[in-house]
Every structure is written in structure tokens, then in C-alpha cells.
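Fold and contact review
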Amino acid sequence: MKRPKKLIFSTNNEHKLEEVRGILEPYYQILSLKDIGDDTDIPETGDTLEDNAMIKADYLWNTYHLNCFADDTGLEVEALDNAPGVYSARYAGEQKNSADNVDKLLKELEGKENRKARFRTVIALILDGKRYIFEGKIEGAIIESPRGTSGFGYDPIFMPDGYDKTFAELTLADKNEISHRARAVQQLALFLRK
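Since we're looking at a predicted model, the values are computed, not measured.

**Things to note about the pairing of strand E1 (residues 6–9)**
Pairing of E1 with strand E2 (residues 29–31), which is carried by three bridges, proceeds in the parallel orientation. Bridging from a neighbouring strand, isoleucine 8 pairs with leucine 31 of E2. With two bridges joining them, E1 and strand E3 (residues 68–77) adopt parallel strand pairing. Note that in E3 the partner of isoleucine 8 across the bridge is cysteine 68.

See below:
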């Protein structure tokens, strides 16, 4: 299999793009949907992270026949039966408001001692028409109030195991060493280098 020089990442989320480019470039040129002139908001209608990642990758492959990958990430909180999970981005409503999602999650955890949680990212890669899945996860806990200004989504309330800082308090470089997305992208990178 010939190593691709360009990969389309099915996202217009600048934070995700920055994280992924930080790991895969300079080996690969990573283009976003915007870079290829596509502003489609691809519906995430799957029941699992795997389904959603593949829906987004399939859209790109079927539309452009370009080597591509897509991801879906969920925060799984043990005391909430692994919610919000696949609904993490829309936890507080269809408008995808991070602050509202964080507020709702903190309210749901009020009075609960068990605050264990994990982030899980699934990447679907389509390379020359063949489909592959990669997964990364990181264990941690939900703290009681937001801390930090970096990152996005649930980062200000997620503290990874072994750290005394939230994802939003870590530098991008430090987060890229340990995050769920970084772990999934590292698996993708290892596969691509084979």
C-alpha cells in the first residue's frame, strides 16, 4: 500500500484540526472540509461512536473519492451509565453548546461520589476504498467546577488519571501526549507508516 501524502479530515472544528495536525504533520498534509470547499454539516445519526465516524468518512469518500478519515468522540461517565457518550456534543440540546453541556453534566453529577469518566475517540479511515477503525481512550474523573481556558468541550471539567490539571489547564503539547484523540491518531499514524 502506497502511503498517502494528503488526507482529508472530515471536520471544520479548528481545535480538532490543530490537535490532529500536531501529530500527523509534516508526514501528511491534513485538509479539512473547508480546505476542500465543503461546508456540509454531516448529520451524526449513528447509535455508536463507530457509526458516526464511519458516516462522516463515507460521506467524504462517496462524494469526492479521496482518502479520508473522520472521528467521533464521547465522554462516558460511569455514574451516568456512560452518558453522555455518543450524544456528548448535543447533550444539552441540538445547538451543540459546550457551556450548556458542561452545566448539564455537572448538575447530573451533583451529590454523586463516583465521578469516574473516560473520553473515547473512534477514527474511521477510508484508504483506497478500504475501511479501518482505530480507537483511543483515557480514564479520568469529572471535577466539581470548570478549570482552565485551553481546550474545548468538556476539557475544563475532565482531569485525567495521574494529573492534577484538567485538559483545559494542560498545554496543547502535553494534551497531545495523552489524550484520547491523540491515542487514536497515533494508532492511525502507525498504521499509515506500515
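**Some words on the pairing of E3**
Judged by how many residues are buried, E3 sits mostly within the fold: ten of ten residues are covered. Of the two faces of E3, both are covered, the one formed by Cys68, Ala70, Asp72, Gly74 and Glu76 as well as the one formed by Phe69, Asp71, Thr73, Leu75 and Val77. Of the strand pairs in this sheet, E3 and strand E5 (residues 116–127) are connected by ten bridges, and their pairing is antiparallel. Each residue of the ladder has a partner; that of threonine 73, found in E5, is threonine 121. Hairpin connection, E3 to strand E4 (residues 83–85): the antiparallel pair is bridged by five residues, and aspartate 81 has positive phi, about 55 degrees.

**Observations regarding the environment of glutamate 113**
For glutamate 113, the location among the structural elements is in the loop between helix H3 (98–108) and E5. Distance from glutamate 113 to tyrosine 27, taken between C-alpha atoms, is 45 Å for residues 86 residues apart in sequence.

**Some thoughts on the environment of arginine 90**
In this fold, arginine 90 is placed in the loop between E4 and H3. For the pair arginine 90 and aspartate 100, spaced ten residues apart in the sequence, the C-alpha separation amounts to 9.4 Å. The residues contacting arginine 90, other than those within four sequence positions of it, are Glu44, Lys96 and Asn101. Within the structure, the side chain of arginine 90 is placed 3.2 Å from the side chain of glutamate 44, a separation counted as a polar contact.

**A look at the pattern of salt bridges**
Enumeration over the complete set of coordinates arrives at 17 salt bridges. Here glutamate 19 ties to lysine 175 by a salt bridge, and the two come within 2.9 Å at their closest N and O atoms. Pair noted here: glutamate 19 is in helix H1 (residues 14–24) and lysine 175 is in helix H4 (residues 172–178), with a separation of 156 residues, a long-range link. Taking the relative accessible area as the measure of exposure, glutamate 19 reaches 3% and is therefore buried. Across the pair arginine 120 and glutamate 135 runs a salt bridge whose closest N-O atoms are separated by 3.5 Å. Of the two residues, arginine 120 is situated in strand E5 and glutamate 135 in strand E6 (residues 130–142); the sequence distance between them amounts to 15 residues. With relative accessibility at 12%, the residue arginine 120 sits in the buried group. With relative accessibility at 27%, the residue glutamate 135 sits in the partly exposed group. One salt-bridge network, in which partners are shared between bridges, spans Lys16, Glu19, Asp71, Asp155, Lys175 and Arg181.

Cut-off values and rules
Residues numbered from 1 in each chain as written. Predicted model: local features only at pLDDT ≥ 70, side-chain atom pairs only at ≥ 80, totals over all residues. Heavy atoms only, no water. Pairing = 2+ DSSP bridges. Helix = DSSP H or I, 4+ residues; strand = E, 2+ residues; numbered from the N terminus. Buried < 20%, exposed > 50% of the residue type's maximum accessible area, 1.4 Å probe, protein only. Contact = heavy atoms within 4.5 Å. Polar contact = N/O pair within 3.5 Å; in protein donor to acceptor, adjacent residues only side chain to side chain. Salt bridge = Lys/Arg side-chain N within 4 Å of Asp/Glu carboxyl O.

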